[in-house]
Amino acid sequence: DSGVTQTPKHLITATGQRVTLRCSPRSGDLSVYWYQQSLDQGLQFLIQYYNGEERAKGNILERFSAQQFPDLHSELNLSSLELGDSALYFCASSETGTGVVEQYFGPGTRLTVT
Amino acid sequence: EDQVTQSPEALRLQEGESSSLNCSYTVSGLRGLFWYRQDPGKGPEFLFTLYSAGEEKEKERLKATLTKKESFLHITAPKPEDSATYLCAVQAVTQGGSEKLVFGKGTKLTVNP
């Protein structure tokens, strides 16, 4: 158990809908990262927040957005969902936001878009 | 473009049969290289961080090494519980000056009893 929690574990929704994925980092960690993992693409970095502010952006679509709240939990919002958005979404956390830092991953949310 | 390539894609071993997994990378500003283990349907589990060429790290039956262009994960006398997908990632500096992890697609290891 990494100490990172994610809810829900599974989510099934229809195309065009909007969903919110939630992540709580390990105690003491200030940085949160979001990743998408699909069978053909592997783990793709989406976005990073550090202490409430956006720190780095990866291959995140405009339909997706994220935020980190004062209590350091984070939410990833996915809107206008398409079939291709079906994937595992992971959250990771680390102590700091810069330097060489180990990231600890949560158990993931499996999103199925029908 | 930063790239991480892992080989082989899949590897089947008999229990006790040692082998190595490869991770080759092309990155402009390597800050560190990480190995993770991932079981089906679960999040990646951190194994090692390597910072510079020549460095080695060990944990039970696993040993990770790093050269200037690749890293190896050596598995000595594996057991069935070592079966998992092993992911390699490099921490690189983006054009904007921020840092991100770039992952390879992984090597799926199966150890038969």
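In this report, the structure presented in the accompanying data block is examined. Here the residue numbering is sequential within each chain, running from 1 through the sequence in written order. Key to labels: chains lettered from A, ligands numbered from 1, both in the order written. Local features in a predicted model are, by the rule used here, given only for residues with pLDDT of at least 70; side-chain atom pairs are given and counted only at 80 or more, and totals for whole chains, interfaces and linings are based on all residues. Heavy atoms from the whole structure form the basis of all side-chain values; hydrogens and water molecules are not counted.

## A word on the pairing of strand β7 (residues 62–66) of chain B
Residue and element names in this part refer to chain B.
Phase 1 of the analysis: We call a residue buried when its accessible area falls under 20% of the maximum for its residue type, exposed when it is over 50%, and partly exposed in between, using a 1.4 Å probe and counting protein chains only. Labels follow the DSSP assignment, with helices taken as runs of H or I lasting at least four residues and strands as runs of E lasting at least two, numbered in each case from the N terminus. The buried fraction of β7 is high, at 4 of 5 residues.
Phase 2 of the analysis: Across 4 bridges, the pairing between strand β6 (residues 56–59) and β7 is antiparallel. Among the inter-strand pairings, E56 is bridged to a residue of β7, identified as T65.
Phase 3 of the analysis: Pairing between two strands is assigned when DSSP locates at least 2 bridges connecting them. Connecting β6 to the next strand, β7, in antiparallel fashion are 2 residues, including E60 with a positive phi near 55 degrees.
Phase 4 of the analysis: In terms of strand pairing, β7 meets strand β8 (residues 70–75) through 5 bridges, oriented antiparallel. The residue of β8 that forms the bridge with L66 is S71.
Phase 5 of the analysis: Here β7 hands over to β8 after 3 residues, the two strands then running antiparallel side by side.

## Digging into the state of the cysteines
Phase 1 of the analysis: Count a disulfide wherever a pair of cysteine sulfur atoms falls within 2.5 Å. If you walk through the whole model with that rule in mind, you get 2 disulfides over all chains.
Phase 2 of the analysis: Shown here is the disulfide that connects A:C23 with A:C91, its sulfur atoms set 1.8 Å apart. Residues A:C23 and A:C91 are joined by a disulfide whose S-S torsion is about -45 degrees; by sign, that bridge is left-handed. Highlighted residues: A:C23 in strand β3 (residues 19–24) and A:C91 in strand β9 (residues 87–94), separated in sequence by 68 residues.
Phase 3 of the analysis: Here B:C23 is linked by a disulfide to B:C88, with a sulfur-sulfur distance of 1.9 Å. Between B:C23 and B:C88 the sulfur-sulfur dihedral comes to about -60 degrees; the bridge is accordingly left-handed. Taken together, the positions of B:C23 in strand β3 (residues 19–26) and B:C88 in strand β9 (residues 84–93) put the pair 65 residues apart, joining distant regions of the chain.

## Side note on the interface of chain B and chain A
Phase 1 of the analysis: Each partner contributes to the interface: chain B provides 20 residues, whereas chain A provides 21 residues.
Phase 2 of the analysis: When the buried area of chain B at its contact with chain A is split by residue, B:P44, B:L101 and B:F103 rank highest and sum to 25% of it.
Phase 3 of the analysis: The term salt bridge refers to a side-chain nitrogen of Lys or Arg lying within 4 Å of a carboxyl oxygen of Asp or Glu. Applying the counting criterion to the chain B and chain A interface returns 0 salt bridges.
Phase 4 of the analysis: Residues adjacent in sequence count toward polar contacts only when both atoms are side-chain atoms; beyond that, a polar contact is any pair of N or O atoms within 3.5 Å, and within protein one must be able to donate a hydrogen and the other to accept it. Taken together, the links from chain B to chain A amount to 3 residue pairs in polar contact (both at pLDDT 80 or more). Here, two residues are considered to be in contact whenever any of their heavy atoms come within 4.5 Å of each other. Summed over both partners, the accessible surface that disappears when two parts come together, traced with a 1.4 Å probe, is what is meant by buried area.

## As for the sheet that holds β7(B)
All names here are of chain B.
Phase 1 of the analysis: The 5 strands lie next to each other as β1-β3-β8-β7-β6, forming an open sheet whose pairing is antiparallel. Taken across any chain shown, the strands that pair with only one partner, and hence form the sheet edges, are β1 (3–7) and β6. Adjacent strand axes in the sheet meet at a mean angle of 15 degrees when their direction is disregarded. Helix axes are fitted only over the stretch in contact, all axes being lines through C-alpha atoms; the angle between N-to-C directions runs from 0 to 180 degrees.

## Quick word on empty space enclosed by the protein
Phase 1 of the analysis: Using protein atoms alone on a 1 Å grid, points that fit a 1.4 Å probe yet trap it form a cavity, whereas open point sets bounded by protein on both sides within 12 Å along at least five of seven lines form a pocket; residues with an atom within 4 Å of a point count as lining. Grid points are joined across faces, edges and corners, and a volume is the space filled by probe spheres set on the points. Applying the stated rule across the entire model yields 1 cavity of 30 Å³ or more.
Phase 2 of the analysis: Approximately 60 Å³ is the volume found for the largest cavity.
Phase 3 of the analysis: Taken together, A:Y33, A:Q48, A:G97, A:G99, A:V101, A:Q103, B:Q91, B:E99, B:K100 and B:L101 make up the full set of residues lining the largest cavity.
Phase 4 of the analysis: Residue polarity follows a fixed list, in which Ala, Val, Leu, Ile, Met, Phe, Trp, Tyr, Cys and Pro are nonpolar, Asp, Glu, Lys and Arg are charged, and the others, Gly among them, are polar. Residues belonging to the lining of the largest cavity are distributed by class as follows: 3 nonpolar, 5 polar and 2 charged.

Limitation: the analysis is restricted to geometry and does not speak to function.
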